[in-house]
Amino acid sequence: MSWTDLDDVDALERLLFPADGWSLATWWAELAARPRREYVVARVADSVVGYAGIDHGGDTADVMTIGVSPRVGGRGIGRILLGELIGRAVREGADAVLLEVRADNIAAIGLYRGAGFETIQTRRRYYQPGDVDALVMRKLLFPQGDSVTTDKEDR
């Protein structure tokens, strides 16, 4: 995602999240938080049809947002965006990825479960307005017992 994408991302954000979407000022601040925060966009025929972002906070990365235009729903764009975020978390050395999702967003919960996320906590009445619970979900990037090590040969 670049600065030139922000008008398109903002319009999509307002469509997807009319009650609680991020403002254009928030998007500017998020892009200014690079390199800790990374955002990507998906395009179809030069139009932004999706976006996603991650915060690299050390051992744990946090998915900040994922949004996909309803006009391209069902094409796997959300899965591709989520996969890109997970790949970036792995490259930055994270052990796990966390996210929060509205408990009433069945499609998103299915996407995350399909990618290996599990619910670890419920935050009651987290999303306002509406008093909607948030599910905190986690994906371990290196399941227990698995580790990445390298051995140096003595020369």
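Before reading on, note that the structure itself is shown above.
Here the structure is a predicted model, which means the values were calculated and not measured.

Conventions we followed
Residues numbered from 1 in each chain as written. Predicted model: local features only at pLDDT ≥ 70, side-chain atom pairs only at ≥ 80, totals over all residues. Heavy atoms only, no water. Salt bridge = Lys/Arg side-chain N within 4 Å of Asp/Glu carboxyl O. Helix = DSSP H or I, 4+ residues; strand = E, 2+ residues; numbered from the N terminus. Buried < 20%, exposed > 50% of the residue type's maximum accessible area, 1.4 Å probe, protein only. Pairing = 2+ DSSP bridges. Axes fitted to C-alpha atoms, helices over the stretch in contact; angles between N-to-C directions. Core = buried A, V, L, I, M, F, W, Y, C linked by side-chain atoms within 4.5 Å. Contact = heavy atoms within 4.5 Å. Right-handed = clockwise from strand over helix to strand, strands pointing away.

A. Local environment of the pattern of salt bridges. Applying the stated rule across the entire model yields 14 salt bridges. With a closest N to O distance of 2.6 Å, Glu-84 and Arg-88 form a salt bridge. Of the two residues, Glu-84 and Arg-88 both sit in helix α3 (residues 77-91), four residues apart, roughly one turn of that helix. We classify Glu-84 as partly exposed; its relative accessible area is 31%.

B. Just the sheet that holds strand β3 (residues 60-68), in detail. With mixed pairing, the six strands of this open sheet are ordered in space as β1-β2-β3-β4-β6-β5. Across the chains shown, the open sheet's two edge strands, defined by having one partner strand only, are β1 (37-44) and β5 (118-127). Going across the sheet, the axis of each strand differs from the next one's by a mean of 25°, ignoring polarity. As paired strands, β3 and strand β4 (residues 96-102) are joined by three bridges and run parallel to one another.

C. Expanded view of the nonpolar core. In this structure, Val-101, Tyr-112 and Phe-117 are the most contacted members of the largest nonpolar core, which totals 26 residues. Within the residue set of this core, elements represented by two or more residues are β1, β2 (47-56), β3, α3, β4, α4 (106-114) and β6 (132-140). Here the element with the most residues in this core is α3; it accounts for six residues. Those residues in contact with Val-101 that lie beyond four places of it in its chain are Ala-108, Ile-109, Tyr-112, Tyr-127, Asp-133, Ala-134, Leu-135 and Met-137.

D. Broad picture of the pairing of β4. The parallel pair β3 and β4 is bridged by α3, and the resulting crossover is right-handed. Where β4 and β6 come together, seven bridges link them in antiparallel fashion. Bridged to Arg-102 within β6 is Ala-134.

E. A look at the pairing of β2. Here β2 lies mainly inside the structure; nine of its 10 residues are buried. The hairpin formed by β1 and β2 contains two residues between the paired strands, and Ala-45 there has a positive phi angle of roughly 50°. Note: β2 against β3, seven bridges, orientation antiparallel. Looking across to β3, one finds that Ala-52 is bridged to Ile-66. Counted between consecutive antiparallel strands, the loop separating β2 from β3 contains three residues, among which Gly-58 sits at a positive phi close to 100°.

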